[in-house]
Amino acid sequence: MSTFQALRVVDAGDRKTRCEQQSLGLEDLGEGEVVIDVHWSSVNYKDALAVTGKGRIIRRTPCVPGIDLSGIVAESSDPAFQPGQKVLVTGCNIGELLNGGFAQRARLPAEVVIPLPDGLDLREAMMLGTAGFTAGLAVLRMRENRQTPELGPVLVNGATGGVGSIAIQILSALGYEVAAVTRKGEAAERLRGLGATQVLSPEEAATDGKPLEKARWGGGVDNLGGDALAEMTRSVVPFGNIASIGLAGGVELHTTVMPFILRGVSILGIHSVETPRPLREQVWAQLAGDWKPKGLAETVTRTLTLAEVPGYCEDLIAGTVTGRALVQLREDAQR
């Protein structure tokens, strides 16, 4: 394959960018020991910000967006990887600083490439992608900090998104009760099917704004930040944990120290981009094993061609989509 198709974010002047579909060569992809024939990618909120230009995600232009990819090694100068080997890459600054997954080929440093673990195929790896990895990392950190089912239901907001829907499945499979929060009432049945024992509107999950509220939740997975995270801190039981993941609801946190010093509540920051490799491999091993969601295929609501990605990204920013979208990079994409 001398040339291949890719989406590319380019400088549009006046501190703006635009996304174009282009024909690229391997020389356009920068340095790296491993060349990958990309078969699958997925669309995350961060990808949507990059593609639409509505967030300053891309740190250099031109750059191929897409923070996830899975595929087959075509060439490698690193002995750890052999042609024909199935691999995945999530986070690690791809689609931001390094060229990412919205292309039929990728060339990346060997240190960011993970061998596809037994128990997952290439398509399933992208059903999980950064969203699944982030959910798995959140659950791992919560359990390491003594989050047990006995503490009570775990509140998951942003429940219809990729991270939320996968977190519900993992927690449910591990024996936790899960309360899912969503504005999309039509998604209630689907969320119960994924394992949620309760489905609440934001108003039903809201607190009165007191420094401490009645302790309703054993812990939480917060995908929103802002007021939603602040409210969650006020209603978690003593020694419960909140995994802080997203910022779609705001970057500021207005709360008091009372939940932390009077109840021992912990906020655990979940940063999936620069996760150390041993921890990254541990999470992927769990996701391919006991933590693999049984309803994984149900989290995928669309499969896109490369040309369909920009339009879907606009819809994702507008909040009109549910579930996960995969990107199929080639007609003969393997699983």
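First, a word on scope: everything that follows refers to the structure included in this document. (Residues numbered from 1 in each chain as written. Predicted model: local features only at pLDDT ≥ 70, side-chain atom pairs only at ≥ 80, totals over all residues. Heavy atoms only, no water.)

**Concerning the packing of aromatic side chains**
- Within this structure, the stated rule accounts for one aromatic pair.
- With a centroid separation of 6.0 Å and 25 degrees between ring planes, the pair formed by F133 and W284 is classed as stacked. Separated by 151 residues along the polypeptide, F133 in helix 2 (residues 122–144) and W284 in helix 8 (residues 277–288) bring together distant segments of the chain.
- With a relative accessible area of 1%, W284 lands in the buried category.
- In this structure, R123 is placed above the aromatic ring of W40, and the distance from its NZ or CZ to the ring centre is 5.5 Å.
- Across from the ring centre of F133, 4.8 Å away, lies the NZ or CZ of R280, which sits over that ring. (Phe/Tyr/Trp six-rings, centres within 6.5 Å; stacked < 30°, edge-to-face > 60°. Helix = DSSP H or I, 4+ residues; strand = E, 2+ residues; numbered from the N terminus. Buried < 20%, exposed > 50% of the residue type's maximum accessible area, 1.4 Å probe, protein only. Lys NZ or Arg CZ within 6 Å of the ring centre and 35° of its normal.)

**As for helix 8**
- With 12 residues, helix 8 should reach 16 Å at 1.5 Å per residue; the first-to-last C-alpha distance of 16 Å fits that figure.
- Those residues of helix 8 lying buried are R280, V283, W284, L287 and A288. Angular distribution of buried residues about the axis of helix 8 spans 135 degrees; they occupy a single face of the element.
- On its buried side, helix 8 packs onto strand 5 (86–90), strand 7 (114–115), helix 2 and helix 3 (162–173). (Expected span 1.5 Å × (residues − 1). Arc of directions from axis to C-beta. Contact = heavy atoms within 4.5 Å.)

**A short note on the pairing of strand 2 (residues 16–25)**
- Sheet topology note: the strand 1 (residues 3–13)/strand 2 ladder contains 10 bridges and is antiparallel. The residue bridging Q5 from the neighbouring strand is S23, located in strand 2.
- Hairpin connection between strand 1 and strand 2: a loop of two residues separates the two successive antiparallel strands, and D14 in this loop has a positive phi of roughly 55 degrees. (Pairing = 2+ DSSP bridges.)

**Side note on a nonpolar patch on the surface**
- On the surface, V257, M258, I261 and L262 cluster together into a nonpolar patch covering about 390 Å² of accessible area.
- Relative to the elements of secondary structure, M258 occurs in helix 7 (residues 258–262). (Patch = residues over 30% accessible without salt bridge, like charges linked within 9 Å, V, L, I, M, F, W, Y side chains within 5 Å. Areas by Shrake-Rupley, 256 points an atom, 1.4 Å probe, with all protein chains shown as cover. Salt bridge = Lys/Arg side-chain N within 4 Å of Asp/Glu carboxyl O.)

**Description of the sheet that holds strand 13 (residues 266–269)**
- With respect to topology, six strands assemble into an open sheet ordered 10-9-8-11-12-13, the strand pairing being parallel. Edge strands, defined here as strands with exactly one partner in the open sheet, are strand 10 (198–200) and strand 13. Between one strand axis and the next, the sheet turns by 20 degrees as a mean value, whatever way the strands run.
- Bridging between strand 8 (residues 154–156) and strand 11 (residues 219–222) involves three bridges; their strand directions are parallel. The residue of strand 11 that forms the bridge with V156 is V221. (Axes fitted to C-alpha atoms, helices over the stretch in contact; angles between N-to-C directions.)

**Concerning the pairing of strand 5**
- The buried count for strand 5 comes to four of five residues, which makes it a mostly enclosed element.
- Inspection of the sheet shows strand 4 (residues 68–76) paired to strand 5 by five bridges, in the antiparallel sense. The residue bridging L69 from the neighbouring strand is V89, located in strand 5.

**Quick notes on the nonpolar core**
- Core analysis: the biggest nonpolar cluster contains 50 residues, and I168, L171 and L191 have the highest contact counts within it.
- For this core, the secondary-structure elements that each account for two or more residues are helix 2, strand 8, helix 3, strand 9 (178–181), helix 4 (188–194) and helix 8.
- For this core, the element with the highest residue contribution is helix 2, accounting for 13 residues.
- Dropping the residues within four chain positions of it, L171 is found in contact with V139, V154, V156, Y176, V178 and V221.
- If you look at the next biggest cluster of nonpolar residues, it comprises 38 residues, including A48, V73, A106 and V327. (Core = buried A, V, L, I, M, F, W, Y, C linked by side-chain atoms within 4.5 Å.)

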